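Single-letter residue listing:
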Amino acid sequence: MVSFILKRIVSGISVLVAISFFTYCLLYFSSTNIARNILGEFASQEQVAAKEVELGLDRPLLVRFFEWAGQAVQGNFGASWFNSEPVIGAITTRLPITLTLVVVAMLCITIVATLLGMAAAIKRGWIDRLVQGAAVLGDAIPDFVLGIVLVAVFAINLHFFPATSSISPDAGMNAWVASMTLPVIALLINGVASVAQQVRSAVIKQMERDYVRTLRSRGIPEWEILFKHVLRSAAPAALTVLSLKFVGMLGGVVIIEQIFALPGMGALAVQSTSMGDIPLVMGVVLYTVVIVIIVNLLVDLINGWLNPKVRVS
Amino acid sequence: MKFGPKSTVVAVLTAAALALTACGGGGGGGNNGAAATTLTLGSVNDMKTFDPTDAHIGHTMPFYQAVYDSLIRRAPGGELEPMLATEWTYNEDHTVLTLKLRTDVTFSDGTKFDATAAKANLDRFKEAKGQDAYQAASLKSVDVIDPATITITLNAPDPAFTYYLTQALGFVASPKAIGTEGIKTDPDGSGPYVYDKASSVKGSQYVFTKREGYWDKDLQKFDKITIKYLVDLTARTNALVSGQVDAALLDPKSGKQAEGSGMVAHKSQVDWHGILLFDRDGAITPALGDVKVRQAINYAFDRKTILEQQYLNEGTVTEQVFGPESGAYVPELDNTYPYDPAKAKALLAEAGYPDGFTLKIPTVAAFDGVNAVYKQQLADVGIKLETETIPPANLVSDMAAGKYSAATFQLYQGEPWVAINQMVSTSALYNPFKSETPDLTALIQAVQNGGDKSADEAKKVNEYLTKNAWFLPLFRLNQMYFSNKKIDVQPQLQQAVPSIYNYAPAK
Amino acid sequence: MSMIQPDDLVGQTGTVVRSHPVKKILKNPMGLASVVVLLFMVVLAVLANVLAPFDPNFADIGKTLSPGDAVNILGTDSVGRDVWSRLVFGARTTLLSALLCAGVAIAIGLPSGLIAGYYGGKFDGVSNWLVNVLMSLPGIIVLLTVRAAVGPSVWISMVAFGILMAPGYFRLTRTAVQSVRNELYVDAARVAGLSDATILSRHIFSVVRAPIIIQTAVICGVAIAIQSGLEFLGLGDPSVATWGVMLNEGFKNIYLSPVLLVWPVLAIGLTIGALVLLGNAIRDALEDAEKIKAPKRGSNTAQAELATTRHRPERTISATVESGTEHHLVKVSHLGVGYPQADGSIKKVVDDVSFHVDRGEVLGIVGESGSGKSQTAFSILGLLPDNARIVAGSIQFDGKFTVAPTEDRVSQARLSEFRGKRISYIPQEPMSNLDPAFTIGYQLVTPMVRVLKISKAEARQRALKLLDDVGIRFPQKTFDAYPHEVSGGMAQRVLIAGAISCEPDLIIADEPTTALDVTVQADVLDLIRDLQKRLGVGVILVTHNFGVVADLCDRVAVMQNGRLVEDGDVREVLRNPKDPYTQKLLGSMLEGKEPMTMLVSAGMTAAEAAVRDDESDEKELAQ
């Protein structure tokens, strides 16, 4: 077990290094105007040149990368070039918002989609058709379009929720709940539908397995067969879909945060990339990749726990 | 509250249950109680730093005005009023400015404001070369005469210098804080409000609370001011309409929605819109080197219709780049180029371009709509407008680097001298090809040395630029600033958004 | 925004395109609808020049945000551009960019997947690592970075996104190729001297074709969503008319002219929806899934007829069994089992089958596969598939109906009193009949706790004893093991232990030895015989093997095509088969084959035989 985790951590680090370098290269080619953008339109050419030297923009790619990496390894990710906010600080103030959005949406998806998917697989009939239809609809309507509709209806017209976030450090629970409800709904609808469909097909597949029949023949109650045996065997397939959904959602949340003016990672990503704020972009990319790696590791560990066969190999 | 992962999960898991109670009370601050004691603003731009040497004219002024006093204060109409300086006088040749200073002011860290502090700030501003470093370009030296008096010596007369003292150059921070790293995120000023770092989130919202013992109670009309950074126009509109902010800058179209919801419009004109015709010597696009071609372009535009259709008539058509309040404005010049495509074609033919020519300009998402319109107008007289999409962040630098012979843009209409240094003089950012003529140079010098008459001299510059079609000015658009009825607000002349002093609770 | 590739796509690998899948897709209403929508969009895109009255960027400055009229059928946008023209040209750009994305993804994913799957080795390792890198990247953030680096171009972002999507194709192709690589026909091709390239293109490509089409439909949908998302954020190229740019324009004018938002949303929604549906339709067509429709009431079909004569079972029944038959442990009378078909008919798999089993008696049901013998057994157990119907007859157990003469299904409520407790089941395939996720001990203990209502500790004691009884040498070790840790023979012993754990009166064994090694088969049969003698239970042994019947059974019933052709005392039938089918079956079986029991020396007990079986298992357990 320990060696498995270690192996995964090593491979995770290699992925991290590769992505850092790749991103840094990309940013290198976009960094031509950064000094001018930082200093503003009234700065003179000399000021711009001085700033470029200060930021090290005049040095070759590899030198810059290793300098950055050297600092990063020591936990120093620098500060934003534009507003001097330390990268770590910028991320830690925004992370709770994005993670709350994504984690809550994922939790809801997991619970609702599992129940719906199982109901569809077992009851068939209208609930099955509903899930199938909703899955197509969910796939067809991008979540940001749903977000727009939700804002227009529930915030602007009905005033049920604030149109933009009212989250701040001193805001209470109410503000969080009020600000998060619509975005979470926008995020989860299409996830619920498509994951429910995956759960459905996984459950159907498992229900047809021989051991289910044998368990029935042994007098095990139907609910126990479903929740203990079928669900457990169907879980790895659903988990894989969920983990992919999670990665997708880290991207999808970017647009949702823009619509609801939520000060999360997505807003930070759009701002920092469009301005070429290299330290911040690197921070954002690294954070995302680290989260993805951790989630994948967790999924593998859970899969191992669920399926003893995988655990051994 | 602290956001442990557990608490946040619980928080939103109970979302459904609490949502109904949460929405009953309405969203954020500034929305409760009869007489407003709090003010919440939606800002288009984010606050980059609290370092006053990096302050920038325009959208972020309210952030600085909350925490710093400036040496001179600018009234909403543009008149200069005393603030930290009680009076100011120039010498004969307008090269030495004497300022009398207040002596009863302290900074938020307890330090006393005096002449030394003022000098330290001015010196630091010149040395720091921040965003608006140009404001200190003519500043030669600052001398402390006595604790309540300084003299500022200029290299050459600068008609806009007193105006600068109301802007970035005029902000005064505690001498203990200036030049430190800390000032970027934790300001120490003498302003009417203090920054509440604990309640603020960088890049999202900035909270300022009333400062105890401030010297001018009239400037402290609220207990708390919150400025939210809302970059997206629709998000800003939604926030205003749903009562989460008290005031925000919208545009003519979203303004319709705000008006429908009972918001109050406060219109002012700040920018002129049009096309900057940079390549007046024909380096990239030879045709632009011919004054007749530039004039033809000016004749080709149906300004009135575009204003009506694109901006719902929220603005005024113009053919000059100086604003009515600048002093350099010449009303008659607005009849120079009536819409006349036939004349445009004739001029093009005279200039040797009967079949027109191709003009390439950069475009970004924000200008996409108008560029489609401009393209059509120019096509009607035979000029082919090609647009090249570039990242918005590169727009200014690409223009400044002389990559394009012309560009769609909107430029701030400030004091004449500011405007000249922005787009006309050879050192101006928006004169990338450094176009100049001896005639114009002479006119510009006259403005610089004109003293009290410099505005009149600027009229001549204006006439020259208009007649020679240096630009394609189309209109001055209304700055659509909206507020709800809980507060009163006055627009600030030549400033994108009102100064922080211009807000008051509604009576 | 999902970048999900449905899991069952991967499971699709190995499917070869069968005849006329296109026809099947078009027959499916969803498939037809999606094809129509997509064709419509393609026509728009191809004929954009003809269909659009204006250049997409032509602005009529005097006519902005106008409603539809004769000139601008869908009206104009905020700068006076014709909405219809932009929609049509938008279809071109949007579809082309989606295809570009899918094309790039295929161009990278397919060949690398082929090579990695076919040759494996270092290339496989490196590309898998790269795939991990790509899959760890959140798409939008990468696209934002790419855009910052090279500018806002639709085409460049779609190429970048295509690269990000390549792992989908890579994995698909790689698994498909791996599973096919060692198949016989590929070996044969290799032996026949075909070059690797020829094999790859001829054999393997045909295998991955279908899943790739499905994957492409999905990816095109995702690409359109992502692209319009970026453009919605204002991060696209505003000078190119695409649906995303129109969406952005519509959102800007949402208060003035909300209809501007409707067209692009409709176009995007319809296209992505159609792509998703098309993917589903292709999958359905390939899986050959025939959906069984519920019979319509009143329609004059076999199903309707059935519905009038037979109905769902109720919890309690008034009908009592024929007097004089109560003493039979099981009595099956004129049983008919059928499956409703899509055309309203019913396909019968068991027809007019009658037999009975008494306590302590072993009945063999013999027949070839498809003869209905397993269906008969499952009817007694109540484990028929959901869509199966009892079309005739009745089943009684210990003097009570489990299927009364008028019922169309087995009453689960009534059977649950018997199942596990009084009737138990030994399946055919030992490995697939144990849940791989639970230990053997757990799977033995739980039924006893549930059925016998005894404590866990007691059940555990009994389980260990049972394992010992069925001849497992290290009961504790096996008790703690997971199913994959034991051999097939051992698993079958575990299943037998499970079957007798609750002291049943009747054991139904469905081909209990077929899946086992020949040497182990005899041991297991001996075990069943031993137990049957010792416990005095009734046994129904379903098999295709007369040898097994001869070895174990008291009586035998022979089935063919769902009907009972002959039954009687085992010696009688074996010696003197009356039905020609029985004779044929016997003949084919005896030809050159020794009876199984000959492999076990006489007098050897089940426990002794089990030792041999255990020896190999021990090694496995020790590892």
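What you see is a predicted model; the values in this text were computed from it and never measured.

The rules behind the values
Residues numbered from 1 in each chain as written. Chains lettered and ligands numbered in written order. Predicted model: local features only at pLDDT ≥ 70, side-chain atom pairs only at ≥ 80, totals over all residues. Helix = DSSP H or I, 4+ residues; strand = E, 2+ residues; numbered from the N terminus. Rg over C-alpha atoms; globule rule 2.2 N^0.38 Å. Buried ≥ 20, exposed ≤ 12 C-beta atoms within 10 Å, placed from the backbone. Contact = placed C-beta atoms within 7 Å. Domains from an automatic or database assignment. Nonpolar A, V, L, I, M, F, W, Y, C, P; charged D, E, K, R; others polar. Pairing = 2+ DSSP bridges. Axes fitted to C-alpha atoms, helices over the stretch in contact; angles between N-to-C directions. Right-handed = clockwise from strand over helix to strand, strands pointing away. Expected span 1.5 Å × (residues − 1). Core = buried A, V, L, I, M, F, W, Y, C linked by C-beta atoms within 7 Å. Parallel < 35°, antiparallel > 145°, perpendicular 65-115°, else oblique. Left-handed = near helix turned anticlockwise from the far one by under 90°.

**Let's talk about the overall build of chain B**
Stage number 1. Of regular secondary structure, chain B possesses 15 helices and 21 strands.
Stage number 2. Whereas a compact globule of 507 residues would reach a radius of gyration of roughly 23 Å, chain B reaches 25 Å, a difference of no more than 12%.
Stage number 3. Across the 507 residues in chain B, those meeting the buried criterion constitute 56%.
Stage number 4. In chain B, of all internal contacts separated by at least 6 residues, the share reaching a separation of at least 24 is 69%.

**Topic: the domain arrangement of chain B**
All names here are of chain B.
Stage number 1. When cut into domains, chain B gives domain 1 (2-234 + 484-505) and domain 2 (270-478).
Stage number 2. Placing a centre on the C-alpha atoms of domain 1 and another on those of domain 2 gives a separation of 33 Å.
Stage number 3. Facing the 13 residues of domain 1 at the interface are 14 residues of domain 2.
Stage number 4. Considering only residue class, the side of domain 1 that touches domain 2 consists of eight nonpolar, four polar and one charged.

**Things to note about the environment of His56 of chain B**
Stage number 1. Secondary-structure assignment places His56 of chain B in the loop between β1 (38-43) and α3 (61-67).
Stage number 2. On the basis of neighbour count, His56 of chain B is assigned to the partly exposed category, with 19 C-beta atoms found within 10 Å.
Stage number 3. Placed 52 residues apart in sequence, His56 of chain B and Ser108 of chain B show a C-alpha to C-alpha distance of 22 Å.
Stage number 4. Residues within four places of His56 of chain B in sequence aside, it is in contact with Gly40 of chain A together with Gln131, Asp132 and Ala168 of chain B.

**Focus on the sheet that holds strand β9 (residues 555-560) of chain C**
All names here are of chain C.
Stage number 1. Read across the open sheet, the six strands follow the order β6-β7-β8-β3-β9-β10; overall the sheet is mixed. Every other strand in the sheet has two partners, leaving β6 (423-426) and β10 (563-569) as the edge strands with one partner each. Going across the sheet, the axis of each strand differs from the next one's by a mean of 15 degrees, ignoring polarity.
Stage number 2. Sheet analysis places strand β7 (residues 506-510) next to strand β8 (residues 538-543), joined by five bridges and oriented parallel. The partner of Leu506 across the bridge, within β8, is Gly538.
Stage number 3. Strands in contact with helix α14 (residues 373-381) are β3 (362-366), β6, β7, β8 and β9; relative to β7, the strand with the most contacts, it is inclined by about 150 degrees.

**Considerations on the pairing of β7 of chain C**
Residue and element names in this part refer to chain C.
Stage number 1. Among the five residues in β7, five count as buried, and that is most of the element.
Stage number 2. Alternating residues of β7 divide into Leu506, Ile508 and Asp510 and Ile507 and Ala509, and every residue in both groups is buried.
Stage number 3. In this fold, the crossover linking β7 to β8 by way of helix α20 (residues 518-535) has right-handed handedness.

**Side note on the interface of chain C and chain A**
Stage number 1. Contacts between chain C and chain A engage 57 residues on the former and 65 residues on the latter.
Stage number 2. If you list the elements that add at least two residues to the side of chain C that touches chain A, you get α1 (7-11), α6 (121-135), α7 (139-150), α10 (196-232), α12 (259-287), β6 and α16 (440-452) of chain C.
Stage number 3. For the side of chain C that touches chain A, a count of residues per class yields 32 nonpolar, 18 polar and seven charged.

**Digging into helix α1 (residues 2-29) of chain A**
Stage number 1. Along its 28 residues, α1 of chain A runs 41 Å from first to last C-alpha, staying within 8% of the 40 Å computed at 1.5 Å per residue.
Stage number 2. Among the residues of α1 of chain A, Val15, Ile19, Thr23, Tyr24, Leu26 and Leu27 of chain A are the ones counted as buried.

**Some thoughts on unusual backbone geometry**
Residue and element names in this part refer to chain C.
Stage number 1. Although it is not a glycine, Lys453 sits at a positive phi angle of roughly 55 degrees.
Stage number 2. Examined against the element boundaries, Lys453 turns out to sit in the loop between α16 and α17 (456-469).
Stage number 3. At Asn561, a residue that is not glycine, the phi angle is positive and equals roughly 50 degrees.

**Re the nonpolar core**
Soluble globular proteins tend to bury their nonpolar side chains together.
Stage number 1. In this structure, Ala105 of chain A together with Ala223 of chain C are the most contacted members of the largest nonpolar core, which totals 432 residues.
Stage number 2. Ala105 of chain A has contacts with Val184, Leu187, Leu188, Gly191 and Met249 of chain A, leaving out every residue within four places of it along the chain.

**Notes on the packing of helix α5 (residues 83-119) of chain C against α6 of chain C**
Residues and elements named next belong to chain C.
Stage number 1. With their axes 7 Å apart at the nearest point, α5 and α6 run at an angle of 130 degrees to one another. Looking at the two axes, α5 sits oblique to α6. Every pair of crossing elements has a handedness; the one defined by α5 and α6 is left-handed. Here Ser112, Ile115, Ala116 and Tyr119 of α5 come into contact with α6, specifically with Gly121, Phe123, Asp124 and Ser127.
Stage number 2. Grouping the constituent residues of the contact of α5 with α6 by class yields four nonpolar, three polar and one charged.

**A word on the packing of helix α5 (residues 87-123) of chain A against helix α10 (residues 222-260) of chain A**
All names here are of chain A.
Stage number 1. The N-to-C vectors of α5 and α10 enclose an angle of 145 degrees; their axes lie 10 Å apart at closest approach. Both α5 and α10 take part in a crossing whose hand is right-handed. Between α5 and α10, the contacting residues are Thr98, Leu101, Val102, Ala105, Met106, Ile109, Thr110, Thr114 and Met118 on the first element and Leu226, Ala238, Leu242, Lys245, Phe246, Met249, Leu250 and Val253 on the second.
Stage number 2. The residue makeup of the contact of α5 with α10, split by class, is 13 nonpolar, three polar and one charged.

**Description of α14 of chain C**
Think of an α-helix as turning once every 3.6 residues; residues three or four places apart then point the same way.
All names here are of chain C.
Stage number 1. For α14, the tally of buried residues reaches nine of nine residues, placing the bulk of the element in the interior.
Stage number 2. Taken together, the buried positions of α14 are Lys373, Ser374, Gln375, Thr376, Ala377, Phe378, Ser379, Ile380 and Leu381.
Stage number 3. Just beyond α14, the residue with positive phi is Gly382, at close to 75 degrees.

**Comments concerning the sheet that holds strand β4 (residues 389-397) of chain C**
All names here are of chain C.
Stage number 1. Reading across the sheet, the four strands line up as β2-β1-β4-β5 and stay open at both edges, with antiparallel pairing between neighbours. Looking along the sheet, the strands with just one partner apiece sit at the ends: β2 (346-357) and β5 (400-403). Neighbour to neighbour, the strand axes of the sheet diverge by 20 degrees on average, direction disregarded.
Stage number 2. Here β4 pairs with β5 via three bridges, running antiparallel. Within the sheet, the bridge partner assigned to Gln396 lies in β5 and is Phe401.
Stage number 3. Packed onto the sheet, α14 meets β1 (330-340), β2 and β4 and runs at close to 110 degrees relative to β1.

**As for the environment of Leu347 of chain B**
Residue and element names in this part refer to chain B.
Stage number 1. Along the chain, Leu347 turns up in helix α10 (residues 341-350).
Stage number 2. We classify Leu347 as buried; it has 23 C-beta atoms within 10 Å.
Stage number 3. Taking the C-alpha atoms as reference points, Leu347 and Ile297, 50 residues apart in sequence, are found 9.3 Å from one another.

**Concerning the environment of Lys119 of chain B**
All names here are of chain B.
Stage number 1. Mapped onto the fold, Lys119 is located in helix α4 (residues 115-128).
Stage number 2. By the C-beta count within 10 Å, which is 18 here, Lys119 ends up partly exposed.
Stage number 3. Note: C-alpha distance between Lys119 and Ile227 (108 residues apart in sequence) is 30 Å.
Stage number 4. Discounting residues that sit within four places of it in the chain, Lys119 has contacts with Val142, Val144 and Ile150.

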